[in-house]
Every structure is written in structure tokens, then in C-alpha cells.
Amino acid sequence: MTKIEINGANLAYDDTGSGTPVVLLHAGIADRRMWREQIPALAAQHRVIAVDLRGYGDSELPAAPFAHHDDVIGLLDALAVPRGALVGCSFGGAVAIDTALTHPDRVSALALFGTAVGGNEWSEEANDLWDDLVGDTDPQDFAASAAGEVRFWVVGPGRRPEDVDPELIRFADEMDRRALAAERALSAVDVAELDPPAIERLGELRIPVLVTAGAADVPDIGRLADRIAAEVPGAVRLPDVPDAGHLLPLERPDAVNSALLDFLR
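So, here is what we can say about the structure in this document. Within every chain, residues take consecutive numbers counted from 1 along the sequence as written. For a predicted model such as this one, the threshold for reporting local features is a pLDDT of at least 70, and the threshold for listing and counting side-chain atom pairs is 80 or more; totals across whole chains, interfaces and linings nevertheless cover every residue. Water and hydrogen atoms were dropped before computing side-chain values, which therefore reflect all heavy atoms in the structure.

## Notes on the overall build of the chain
Numbering of helices and strands runs from the N terminus; a helix is a DSSP stretch of H or I covering at least four residues, while a strand is a stretch of E covering at least two. Looking only at helices and strands, the chain has 9 helices and 8 strands in total. The globule rule is 2.2 Å times the number of residues to the power 0.38, and the radius of gyration it is compared with is taken over C-alpha atoms. For 265 residues, the compact-globule estimate of 2.2 N^0.38 gives 18 Å, and the chain sits close to it at 17 Å. Across its three principal directions, the C-alpha atoms of the chain cover 45 × 40 × 35 Å. Think of it in three bands: with a 1.4 Å probe and only protein chains considered, a residue is buried below 20% of the maximum accessible area for its type, exposed above 50%, and partly exposed in between. Here the chain holds 265 residues, and the buried ones make up 54% of them. Only heavy atoms matter for contacts: two residues are in contact if any of them lie within 4.5 Å across the pair. Across the chain, the fraction of contacts at a sequence separation of at least 24, relative to all contacts at a separation of at least 6, is 76%. As displayed, the chain has an accessible area near 11000 Å², and 49% of this comes from carbon and sulfur atoms. Positive: Lys, Arg. Negative: Asp, Glu. His and the chain ends are not part of the count. Charge coordinates come from a single atom per side chain, which is NZ of Lys, CZ of Arg, CG of Asp or CD of Glu. Charge separation in the chain, taken as the distance between the mean sites of 22 positive and 45 negative side-chain charges, equals 5 Å. Surface accessibility follows the Shrake-Rupley procedure with a 1.4 Å probe radius. Residue values consider only the protein chains on display as shielding.

In C-alpha cells:
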């Protein structure tokens, strides 16, 4: 791990391999460790940069306004990367999309796995699923909140916890407890968002875009993938990955690695 000052914050990242640059942006319930299966697979052909977004993992969170997408560009600048492909999962995908919209000359491609999109509103179905699967939790109780989020996102509405690798559940729970602390801290900081938001601007993307989701993920995520494919010119919508929830790069690394190596070659 290395730390570097970007826009006044020390961000933690791993920089592996050589070749065309690829930046990995983690989910909001995780940190850069969620890409542990992708880094060695990609590093044989690419320079792979996995970063902890500001406030997450080992990165710092100064009490000053910022934008995640500006941090991504600041990292590229600091590492002398003129242009790179962005790979994002969930919240990391939303950051990747925002970065491509605000700095289109710096992003060569987007690969999005179970992605969120800035400005998207969750459906009543998703809210009802949360109530059914998780219910009320004390936001101050990180252990209970992480258990609920792992049940909702990692296991998913169509599976039971015993259907999922217990090591995946343990690791996801560990990462999410740290992520919840990050989100609590981030709520006290002014984090800039796009206006108008990305959900209204998908048609502006003019780069190769790959999008897919886990078949066991919350249905809203698959619908977002469909919308991206419909609105981004030339976007490639891969079939949902069978028996995979929200963290599909961790749960089904072979499928994700194969898709990435084909897309980024």
C-alpha cells in the first residue's frame, strides 16, 4: 500500500503491473480489498491502480468540501496517467460515471459491475425488500447495520445466508463495518455531486461501456444496468452473472476477470 496526497487528502492505493492503466473503484460497502481477485489477473497486461476513495479503507477524510470524481482525476495526475479505463462496482461505478462525464478526455472506457448511478432513486420494491429482509437497525450499531447490509446486498433477496460462501460473508461484513464508519464521517463533509445528475446524462457518454450485474442482486441494480445499456451509445450489456450478489467481483471472480480481460484488451 502507498499513500499520496490528492486535493488535500492522503489517499491509499495499490499500483501493480504495467501497460494500459486501469483504475479500480470499490463499492460503498467495501474498500479497495474487494478487487483482490482482479488485480493479479489484470496486472499481467495492465497497470492496475486500486484506490480507497476518500474516507474509506486506509484513506483520510479532511473536513473540507471535495468531489470523489475530482479525487480520481487528481490521482491520475499525481501518477502521471493521462488517460485510463475505470472499473467500478456499486458506488464505485457511480464515481466512475461521474468522472467520465466531468473529465471525458481522461477516461478511455468504463466497466461497471452492479453499478449505482448518481441521482437514481430506489424503487418502492427495493424499500419493501429492505423492510422485509433487514427492518429497522440502529445506525450507531455498526455490527447490526453491517449484518443487515450484507444480508441485503451480498446475499440478496432471492438467497439465504447459508447459500453463500461464509468466508465471503465474513469478509464483506468486515469491510462494511469500516465503510459504515466512513459514511458516517462523510455525512458531516460537503461532498459535491453532479448537477444535473448522471442518471439524466447517460447519453453524453461517448466511450466504450461494459455493464452487468449479479443475478441474485436487488432487482433495481439489474434495471439500472438495462437503462445504462439503453441510453449509452454502443454500451455492451452482458448477461447477469448467475448466483452472484452485489459484490460479484469477489463472489464470481472468474466471470468478472474474463469479461474485463476481453473488454480491456
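## Observations regarding the pairing of strand 3 (residues 20-25)
Of all 6 residues in strand 3, 5 are buried; the element is thus mostly enclosed. Handedness of the crossover joining strand 3 and strand 4 (residues 46-51) through helix 1 (residues 38-43): right-handed. Strands qualify as paired when DSSP identifies two bridges or more between them. In this structure, strand 3 lies alongside strand 5 (residues 84-89), joined through 4 bridges in parallel fashion. By the bridge assignment for strand 5, valine 22 is matched with alanine 85. We call a crossover right-handed when, viewed with both strands directed away from the observer, the connection leading from the first strand over the helix to the second proceeds clockwise.

## Points about the packing of aromatic side chains
Each aromatic pair joins two rings of Phe, Tyr and Trp (for Trp, the six-membered one) with centres within 6.5 Å, and gets the label stacked for planes under 30 degrees apart, edge-to-face for over 60, and tilted for any other angle. Taken as a whole and assessed by the stated rule, the structure comprises 4 aromatic pairs. Where tyrosine 56 meets phenylalanine 91, the ring centres are 6.0 Å apart and the plane angle is 35°; that geometry is what we call tilted. Placement of the pair is tyrosine 56 in the loop between strand 4 and helix 2 (68-78) and phenylalanine 91 in helix 3 (residues 91-102), with a sequence separation of 35 residues. Take tyrosine 56: its relative accessible area is 4%, and that puts it in the buried class. Here phenylalanine 91 falls in the partly exposed class, since its relative accessible area comes to 25%. In this structure an aromatic cluster arises from ring pairing among Trp122, Trp130, Phe152 and Trp153. Here, a charge over a ring means that NZ of Lys or CZ of Arg falls within 6 Å of the ring centre while also lying within 35 degrees of the ring normal. Of note, arginine 36 hangs over the ring of phenylalanine 171, and the distance from its end group to the ring centre comes to 4.0 Å.

## Re the side chain of histidine 246
Note that histidine 246 resides in the loop between strand 8 (236-237) and helix 8 (248-251). At a separation of 2.7 Å, a polar atom in the side chain of histidine 246 contacts the side chain of serine 90. Aside from chain neighbours lying at most four places away, what touches histidine 246 is Cys89, Ser90, Gly114, Trp153, Val154, Asp217 and Ile221. Under the rule applied, a polar contact is a pair of N or O atoms within 3.5 Å (in protein, one hydrogen donor and one hydrogen acceptor; residues adjacent in sequence only if both atoms are side-chain atoms).

## A word on the sheet that holds strand 4
Paired through backbone hydrogen bonds, the strands of a sheet run either parallel or antiparallel to each other. The 8 strands are arranged 1-2-4-3-5-6-7-8 in an open sheet whose pairing can be described as mixed. In the strand order of this sheet, the two ends are held by strand 1 (2-6) and strand 8, each with one partner. Examined bridge by bridge, strand 7 (residues 209-212) and strand 8 share 2 bridges and lie parallel to one another. From the neighbouring strand, valine 211 faces strand 8, where its bridge partner is arginine 237. Packing against the sheet, helix 2 makes contact with strand 1, strand 2 (9-16), strand 3, strand 4 and strand 5, and its axis sits at approximately 110° to strand 1. With axes taken as lines fitted to C-alpha atoms, and helix axes fitted only over the stretch in contact, angles between N-to-C directions fall between 0 and 180 degrees.

## Some words on the environment of glycine 88
Note that glycine 88 resides in strand 5. Classification of glycine 88 as buried rests on a relative accessible area of 0%. The spacing of glycine 88 and alanine 116 is 28 residues in sequence and 9.2 Å in space, taken between C-alpha atoms. Residues within four places of glycine 88 in sequence aside, it is in contact with Leu25, Trp35, Gly93, Ala111, Leu112 and Phe113.

## Topic: the environment of alanine 44
Looking at the secondary structure, you find alanine 44 in the loop between helix 1 and strand 4. Separated by 55 residues in sequence, alanine 44 and threonine 99 have C-alpha atoms that sit 26 Å apart.

## Examining helix 6 (residues 166-186)
How far a helix is expected to stretch is found by multiplying one less than its residue total by 1.5 Å. Compared with the 30 Å implied by 1.5 Å per residue over 21 residues, the 30 Å span of helix 6 between its first and last C-alpha is a close match. The complete set of buried residues in helix 6 reads Leu168, Phe171, Ala172, Asp173, Met175, Asp176, Ala179, Leu180, Ala182 and Leu186. Looking at the buried side of helix 6, the elements it contacts are helix 5 (142-155) and helix 8. For helix 6, the N-terminal capping position is held by aspartate 165, with its side-chain oxygen 3.0 Å away from the main-chain nitrogen of glutamate 167.

## Side note on a negative patch on the surface
Surface patches are drawn from residues lacking salt bridges whose relative accessible area is over 30%; two like charges belong together within 9 Å, two nonpolar side chains (Val, Leu, Ile, Met, Phe, Trp, Tyr) within 5 Å. For this document, the term salt bridge refers to a Lys or Arg side-chain nitrogen within 4 Å of an Asp or Glu carboxyl oxygen. Together, Glu124, Asp128, Asp131, Asp132 and Asp136 make up a region of like negative charge exposed at the surface. Mapped onto the elements, glutamate 124 comes out in helix 4 (residues 124-133). Judged by relative accessible area, glutamate 124 falls into the exposed class, the value being 57%.

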